[in-house]
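Observations on the three-dimensional arrangement
Given next are the chains, with one letter for each unit.
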Amino acid sequence: MNNSKAFIYFICMVSAMGGLLFGYDWVVIGGAKPFYELYFGIVDSPLMQGVAMTTALVGCLVGAMVAGAMADRYGRKPLLMLSAVLFTVSAVATGAFNDFTLFNIARFIGGVGIGVASALAPMYIAEVSPADIRGRMVSLNQMTIVLGILGAQIVNMLLARDTSVVENQAWNVEWGWRWMFWAETLPAGLFLLMSFFIPESPVYLKLKAATMSQHTKQQEAGLRELFRHKYSKVLLLGLVIAVFQQWCGTNVIFNYAQEIFVGAGFDVDGMFINIVITGIANVVFTFVALYTIEKWGRRTLILIGAGGLGIIYLILGACYAMGMTGVLMVALVVAAISVYAMTLGPVTWTLLAEIFPHRVRGIAMATCTFALWVGCCTLTFSFPSMNVALGSSGTFWIYSAICVCAFVFLFRHCPETKGKSLEELEKELVK
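Residues numbered from 1 in each chain as written. Predicted model: local features only at pLDDT ≥ 70, side-chain atom pairs only at ≥ 80, totals over all residues. Heavy atoms only, no water.

**Side note on the overall build of the protein**
To keep it simple, the criterion reads: Helix and strand labels come from DSSP, where a helix needs a run of H or I of at least four residues and a strand needs a run of E of at least two; each type is numbered from the N terminus. Accessible area is worked out with a 1.4 Å probe on protein chains only. A residue is then buried under 20% of its type maximum, exposed over 50%, and partly exposed in between. By definition in these notes, contact holds between two residues if any of their heavy atoms fall within 4.5 Å. Areas reported as accessible are Shrake-Rupley estimates using a 1.4 Å probe. Residue values count occlusion only from the protein chains shown.
Along the protein, the regular secondary structure elements total 18 helices and zero strands. The buried share of the protein, reckoned over its 431 residues, is 58%. Taking all contacts inside the protein whose residues are at least 6 apart in sequence as the whole, residues at least 24 apart take part in 84%. Accessible surface, the protein as shown: approximately 16100 Å² in total, 71% of it carbon and sulfur.

Here is the structure:
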């Protein structure tokens, strides 16, 4: 394998395109939501609205659950290619179907692609990157995720015609939301094409170098050993980090931007503009993370993220309680997105790709990614009910309390991993 840094950057960027599609597919539905709900006649059905928003997340659970075992059996590269195919099929079908059930099936297929890509891309990047740039390379995956998010937000804004004009609203309901999904086919096709030019992970090739029977025993041993006592601490750490990345609350801003910004006093057109503003902040501060993750370290950044979000949500909840609206609310939301983007967003995937031993990394990444998507699914499904029962203030205060609890746990248990080889980390974390 060519060890030049230029080649490593190339294969990492190709792998990270799975993150770009992950980000786009995950967020595009937020902009399409006001229009497909009218098309399918579910505006007055909170249950069906919840189904539409969570179908892809259920697919994520399935994709994450099978990704680890399949990656250990068939390799990392074929699974990345499979995710590209799933993204393409889902993008075409979601926009084409006129039936709500088929729409959700297409979203489920895309969700499986997200689950596979979210587990495989950071793991592949960690396995092909030298220790001195590994954090930065894995953070590229988070960078492409936020670029995908911003891309979806911009596409949604450009396609959503002025809702004050009746004819434009009719076009949005009939066609606008479809083109929001169809736009994904271009990057999905490019990802599939470029994935033919990347090599297989050297870690997988070493595992496969053993006889087939030995390789199978290694897989089975990895699944059993993951839940043995010697891995219990590192597995608990991985699960807490994964779930906390979702239950820190930031991702409801992307999935329920309509409710959050309308609640802050903005109309639908203002909502789209504010969504793009948050997307830009997301990208800018992810760039910051690319430089700070190797200088400040993973532990410092994740603690800043937990503590910073806890404070911001406390203030945001107080502002909602006092009925405040306008620019201040947008500023607080942007602050939350910015803190998340330079800390929990990239650091979570970096730590998950680093802390597990080779022997169980595939199944461990799949397990933690599955837990992450369980967290995302429960967060997404619970937000509307929490928002109705507790109001926006109470909801964000709960997220603040979760951040404080996570800060205490991570302060006590999260190690520093920067600058250490995967082999060194295995000796330190698994004793």
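**So, the pattern of salt bridges**
What counts here: Salt bridge, as applied in this entry: a Lys or Arg side-chain nitrogen positioned within 4 Å of an Asp or Glu carboxyl oxygen.
Scanning the model with the defined rule gives six salt bridges in all. Close ionic contact of Arg107 with Asp25 constitutes a salt bridge, the shortest N to O distance being 3.3 Å. Pair noted here: Arg107 is in helix 4 (residues 100–128) and Asp25 is in helix 1 (residues 5–40), with a separation of 82 residues, a long-range link. The two residues Arg107 and Asp25 agree in class, both being buried. Across the salt bridge formed by Glu127 and Arg76, the nearest N and O atoms sit 2.8 Å from each other. Here Glu127 is found in helix 4, whereas its partner Arg76 is found in helix 3 (residues 76–96), with 51 residues between them in sequence. The exposure class of Glu127 is buried, given its relative accessible area of 7%. For Arg76, a relative accessible area of 0% corresponds to the buried category. When salt bridges with common partners are traced through the structure, they connect Glu294, Arg298 and Glu354 into a single cluster.

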